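Given next are the chains, with one letter for each unit.
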Amino acid sequence: MEKELLKLEGITKIYSNGFIANKNVSMTVNEGEIHALVGENGAGKSTLMNVLSGVYPFGSYTGDIIYNGEVCKFHDIKQSEEKGIVIIHQELALIPYMTIGENLFLGNERGKKAAINWDETYGMADKYIRQVGLTESSRTLIKDIGVGKQQLVEIAKALAKNAKLLILDEPTSSLNEQDSQALLDLLLKFKKEGMTCIIISHKLNEVSYVADKITVIRDGSTIETLTKGVDD
């Protein structure tokens, strides 16, 4: 029996200039599924996920976020991450002249205060980057790996934060076909391991390849949710 992990109810987000980005949007995501969010540019997809992940704090929108049966009122990203909700934005947040390991644990290095245990930090980083299929050392500088591998580092960062719900905003937009396919296959691997994902994408071929359900948003409103194998 499917277990409901996330429910967004009547989310409305209005910017200070009066623009309505989301208008009474509702969607449900079940545990262990890949749920795609699709729609044209400006439809409100990224805004909705920014509401969910605490980028837009409670009070700046109306409606309810119900996660794992609990009504959540996130005031910042840290609070959503503490619940296991981790978002990877389209613009990667990596520091080029720092190592993979430093980027993974920036601000959360192993050790106490000034006495950082770098061996432990890099050892943990190596474990996470192996999970996403990277063979590089965690001591490799970000600037020395391609954008496809940088995307995988971002996913490894999410794993290091103990992600239970992984949100990816246009994750293949800067990737070539081979790297895109590798990333999609990785998401399917995570699904088998119990991870729940929300993917924002314009690429319908990719959506149909990985998604169990597809929610369509137009002009800030939910149009419909389709289930693979039922609505095909």
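The notes below deal with the structure included here. Here the structure is a predicted model, which means the values were calculated and not measured.

Reading guide: rules and limits
- Position numbers for residues start from 1 in each chain and track the written sequence from start to end.
- The model is predicted, so local features are restricted to residues of pLDDT at least 70 and side-chain atom pairs to those at 80 or more, both for listing and for counting; the totals for chains, interfaces and linings are taken over all residues.
- Derived side-chain values reflect all non-hydrogen atoms in the structure, with water molecules and hydrogen atoms excluded from consideration.
- Labels follow the DSSP assignment, with helices taken as runs of H or I lasting at least four residues and strands as runs of E lasting at least two, numbered in each case from the N terminus.
- The atom set for the radius of gyration is the C-alpha atoms, and the globule formula is 2.2 Å times the number of residues raised to the power 0.38.
- Only protein chains enter the accessibility calculation, which uses a 1.4 Å probe; a residue is then buried when its area is under 20% of its type maximum, exposed when over 50%, and partly exposed in between.
- Residues count as neighbours in contact if any of their non-hydrogen atoms are within 4.5 Å of one another.
- Whether two strands pair comes down to DSSP finding at least two bridges between them.
- For helices, the fitted line uses only the C-alpha atoms of the stretch in contact; every axis is such a line through C-alpha atoms, and the angle between N-to-C directions lies from 0 to 180 degrees.
- Salt bridge, as applied in this entry: a Lys or Arg side-chain nitrogen positioned within 4 Å of an Asp or Glu carboxyl oxygen.
- Definition of nonpolar core: a set of buried residues of the types Ala, Val, Leu, Ile, Met, Phe, Trp, Tyr and Cys, connected through side-chain atoms within 4.5 Å.
- Ring geometry is summarised as follows: Phe, Tyr and Trp rings, the Trp one being its six-membered ring, pair when their centres sit within 6.5 Å, and such pairs are stacked at plane angles under 30 degrees, edge-to-face over 60 and tilted between the two.
- Two conditions define a charge located above a ring, namely a distance within 6 Å from the ring centre to NZ of Lys or CZ of Arg, and an angle within 35 degrees of the ring normal.

## As for the overall build of the chain
Helix and strand content of the chain: seven helices and 12 strands. A compact globule built from 232 residues should have a C-alpha radius of gyration of about 17 Å, and the chain, at 18 Å, falls within 12% of that. Its C-alpha atoms give the chain principal-axis dimensions of about 50 × 40 × 35 Å. Expressed as a percentage of the 232 residues in the chain, the buried residues total 47%. Excluding contacts between residues fewer than 6 apart, the proportion of contacts in the chain whose partners are at least 24 apart in sequence is 63%.

## Describing the sheet that holds strand β2 (residues 20–30)
The strand order across the open sheet built from four strands is β2-β1-β4-β5, with neighbouring strands paired in antiparallel fashion. The strands lining the two open edges of the sheet, one partner per strand, are β2 and β5 (70–72). Mean inter-strand twist for the sheet, computed between neighbouring axes without regard to direction, equals 20°. Direction of pairing for strand β1 (residues 4–14) relative to β2: antiparallel, over a ladder of seven bridges. The residue bridging Leu6 from the neighbouring strand is Val29, located in β2. Packing against the sheet, helix α1 (residues 45–52) makes contact with β1, β2 and β4 (62–67), and its axis sits at approximately 115° to β1.

## Considering α1
Most of α1 sits out of view: seven of its eight residues are buried. All buried positions along α1 are accounted for by Lys45, Thr47, Leu48, Met49, Asn50, Val51 and Leu52. Gly54 occupies a position one or two residues after α1 and carries a positive phi of about 85°.

## Things to note about unusual backbone geometry
One non-glycine residue, Asn24, adopts positive backbone phi at about 55°. Tracing the backbone through its elements, the reader meets Asn24 in strand β2. One non-glycine residue with positive phi stands out, namely Asp219, at about 50°. On the basis of relative accessible area, Asp219 is assigned to the exposed category, the value being 65%.

## Some points on the pattern of salt bridges
On inspection of all chains with the given rule, the structure shows 12 salt bridges. Two residues, Lys83 and Glu70, come together in a salt bridge whose shortest N-O distance is 2.9 Å. One end of the pair, Lys83, is in the loop between α2 (77–82) and β6 (85–88); the other, Glu70, is in strand β5, and 13 residues separate them in sequence. The partner of Glu81 in a salt bridge is Lys161, with the nearest N and O atoms 3.1 Å apart. With a gap of 80 residues between them, Glu81 in helix α2 and Lys161 in the loop between α5 (147–160) and β9 (165–169) connect regions that are remote in the sequence.

## A closer look at the nonpolar core
The biggest cluster of nonpolar side chains holds 39 residues, and the ones touching the most others in it are Leu104, Val132, Val153, Ile155, Leu166, Leu187 and Phe190. In terms of residues, this core owes the most to one element, α5, which gives seven residues. For Phe190, the residues in contact, after removing those within four places along its chain, are Gln131, Val132, Ile155, Leu159 and Met195. Residues Val25, Leu48, Tyr61 and Ile200 belong to the second largest nonpolar core, which totals 25 residues.

## Regarding the packing of aromatic side chains
Aromatic ring pairs: the centre-centre distance and the angle between the two ring planes describe each pair. Summed over all chains, the structure comprises four aromatic pairs. Between Tyr15 and Phe19, the aromatic rings sit 6.4 Å apart at their centres with planes inclined by 10°, giving stacked as the arrangement. Ring centres of Phe105 and Tyr128 lie 6.2 Å apart, and the angle between their planes is 55°; this geometry places the pair in the tilted category. You can see Phe105 sitting in the loop between α3 (100–104) and β7 (111–112) and its partner Tyr128 sitting in helix α4 (residues 118–131), a full 23 residues away along the chain. Clustering of aromatic rings is evident, with ring pairs tying together Tyr15, Phe19 and Tyr56. Just above the ring of Tyr128 sits the side chain of Lys127; from NZ or CZ to the centre is 4.6 Å.

Everything listed is a geometric property; what it means functionally is a separate question.
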